[in-house]
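Now for the letters of each chain:
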Amino acid sequence: LAKGAPEKLILQTSHYWDAEGNRQPLTEEMKKTLDDRMLELAVDAIRMLALCTYESDIEGDELPADGLTLVGILGIRDEVRPEAIEAIAEVQDAGVQIVMITGDRRETAVAIAKDAGLLQRPNELVWTSAELAEMSDEQVKLELHKLRVVARALPMDKSRLVRLAQEMNLVVGMTGDGVNDSPALKKADVGFAMGSGTEVAKEAGDIVILDDNFLSIKQAILYGRTIYNSICKFIVFQLTINFAAITICFIGALFGTDMPLTVVQILWVNIIMDTFAAMAMASLPPNPEVMRDKPRPRDEFIITPAMARTLFTCGTAMVVVLLGMLFRWTILQGGLTVEQLTVFFSTFVFLQFWNMFNAKGFETRHSVFTCLGGCREFFLILAAIGVGQVLIVEF
């Protein structure tokens, strides 16, 4: 018994089983009729599988070059999920290139890719495994950015494309479900194994997509970018406090006070900076706007120009306000009282509320006060800081 790609098995087929179970010769005219019908089905995004028999035992791993008997050709159509079409569009808008690598024949793969929204422009490329094998690595690299579909793909095609993309300094995610996909899943920067796949593939992958849905890959990208942005927000918040605190303590001595902030006060600020800020930034819900950002280069420094601008402007504003208070009290009024130092400390702490909002929204395209829904934990942490500050000052 043999099964496989119809256009390949038919070349090795000499007979067919008729409706009565009799073995009849399969003429070249019949093969041409079958091929025309298969092309019609392939254009309708129908996958096909040929079933054949062989009268004798098959020796070795190769099918005989002739003498197969055709049982029939099955047509299977998997409808593209509507949510997958939307997810593909969002991922493409996020700057991610999607390539469908499939064992289907070219016509079927093209039809499915068009239904899914992968093929939209005339210059986008569709290759077969045979065409890919004839191309040099440099030729593939030159055209890789336009590639959308690889049809009749072999397992080694996946590994080769991963290797070439990584040589171009691209970050590569690869999906797979079979044992043969394991090398590509392991080699990729992120391997997405299917939940219905083999255990070998799941072990080789980094993420298991339990529902086998492309929407889950889109969600993985969304949450990955959200986590990265949360780290950046925490860094902006923390470095702004550090910049302000160090500058004030350094310049404060010039105004006649050895320590504008005491050790205990700096400890409380450090708790706000390290613990509460991390919890606040981690509690923020995913912002769909991150899917409109372009992917970051591998070698991009974690402090981006936008982060540096926010850090400098917010830090400078805090320093100006706080040093203005010190200047007025020490130079114009002759010294600092305990009450004035308390006001100074409280002002510094409550400026962190403003700082936290700036850090929360430094990457947004709108006001920092938009998208406040779902930020309950964020506001609870702000309230905890406020209550803690009042208790420290009063008691």
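Provided above is the structure to which this section pertains.
Below you will find a few notes about this structure.

We now examine the overall build of the protein chain. For the protein chain, the helix and strand inventory stands at 14 helices and 11 strands. The C-alpha radius of gyration of the protein chain comes to 32 Å, more than 25% above the 21 Å expected for a compact globule of 395 residues. When its C-alpha atoms are laid out on the principal axes, the protein chain stretches across 110 × 40 × 35 Å. Among the 395 residues that make up the protein chain, the fraction classed as buried is 44%.

Turning our eyes to something else, we now look at the sheet that holds strand E6 (residues 100-101). Within a sheet, each strand pairs with its neighbour through backbone hydrogen bonds, oriented either parallel or antiparallel. Ordered in space as E6-E8-E7, the three strands form an open sheet in which the pairing is parallel. Of all strands in the sheet, those with a lone pairing partner are E6 and strand E7 (125-128), marking the two edges. Most of the contacts of helix H4 (residues 106-116) go to strand E8 (residues 147-151), to which it runs at about 140°, and overall it touches E6, E7 and E8.

Before going further, it helps to examine the nonpolar core. Judged by nonpolar contacts, the single largest core of 41 residues is most densely connected at Phe-237, Phe-344, Phe-348, Met-356, Phe-378 and Ile-385. Discounting residues that sit within four places of it in the chain, Phe-378 has contacts with Ala-280, Ser-283, Leu-284, Met-356, Phe-357 and Lys-360. Ile-88, Val-91, Ala-94 and Phe-192 belong to the second largest nonpolar core, which has 25 residues in total.

This next bit is on the packing of aromatic side chains. Think of a pair of aromatic rings as described by two things: how far the centres are apart, and how the planes are tilted against each other in angle. Per the stated rule, a full pass over the model turns up five aromatic pairs. Aromatic pair Trp-268 and Phe-276: ring centres 6.2 Å apart, planes at 70°, arrangement edge-to-face. A relative accessible area of 12% places Trp-268 in the buried class. Judged by relative accessible area, which is 18%, Phe-276 ranks as buried. Feature note: the residues Phe-357, Phe-378 and Phe-379 constitute an aromatic cluster, connected by ring pairs.

On to the pairing of strand E5 (residues 68-76), then. Here strand E2 (residues 13-17) pairs with E5 via three bridges, running parallel. Looking across to E5, one finds that His-15 is bridged to Thr-69. Strand direction decides the pairing type here: strand E4 (residues 47-53) and E5, joined by seven bridges, are antiparallel. Looking across to E5, one finds that Leu-51 is bridged to Gly-72.

Our next topic: the side chain of Thr-310. Assignment of secondary structure puts Thr-310 in helix H12 (residues 305-332). Accessibility expressed as a relative area gives 13% for Thr-310, which makes it buried. A polar atom in the side chain of Thr-310 sits 3.0 Å from the backbone oxygen of Ala-306.

Turning our eyes to something else, we now look at the side chain of Gln-340. Within the element layout of this structure, Gln-340 appears in helix H13 (residues 338-360). The exposure class of Gln-340 is buried, given its relative accessible area of 14%. Excluding residues within four positions of it along the chain, Gln-340 makes contact with Trp-329, Gln-333 and Gly-335.

Below, the discussion takes up the packing of H13 against helix H14 (residues 376-394). The N-to-C vectors of H13 and H14 enclose an angle of 175°; their axes lie 11 Å apart at closest approach. Considering their axes alone, H13 and H14 lie roughly antiparallel with respect to each other. Residue-level inspection shows Thr-342, Phe-345, Ser-346, Val-349, Phe-350, Phe-353, Met-356, Phe-357 and Lys-360 of H13 in contact with H14, the latter providing Phe-378, Phe-379, Leu-382, Ile-385, Gly-386, Gln-389, Ile-392 and Val-393. A breakdown of the residues in the contact of H13 with H14 according to their chemical character gives 12 nonpolar, four polar and one charged.

Cut-offs used in this document
Residues numbered from 1 in each chain as written. Predicted model: local features only at pLDDT ≥ 70, side-chain atom pairs only at ≥ 80, totals over all residues. Heavy atoms only, no water. Helix = DSSP H or I, 4+ residues; strand = E, 2+ residues; numbered from the N terminus. Rg over C-alpha atoms; globule rule 2.2 N^0.38 Å. Buried < 20%, exposed > 50% of the residue type's maximum accessible area, 1.4 Å probe, protein only. Pairing = 2+ DSSP bridges. Contact = heavy atoms within 4.5 Å. Axes fitted to C-alpha atoms, helices over the stretch in contact; angles between N-to-C directions. Core = buried A, V, L, I, M, F, W, Y, C linked by side-chain atoms within 4.5 Å. Phe/Tyr/Trp six-rings, centres within 6.5 Å; stacked < 30°, edge-to-face > 60°. Polar contact = N/O pair within 3.5 Å; in protein donor to acceptor, adjacent residues only side chain to side chain. Parallel < 35°, antiparallel > 145°, perpendicular 65-115°, else oblique. Nonpolar A, V, L, I, M, F, W, Y, C, P; charged D, E, K, R; others polar.

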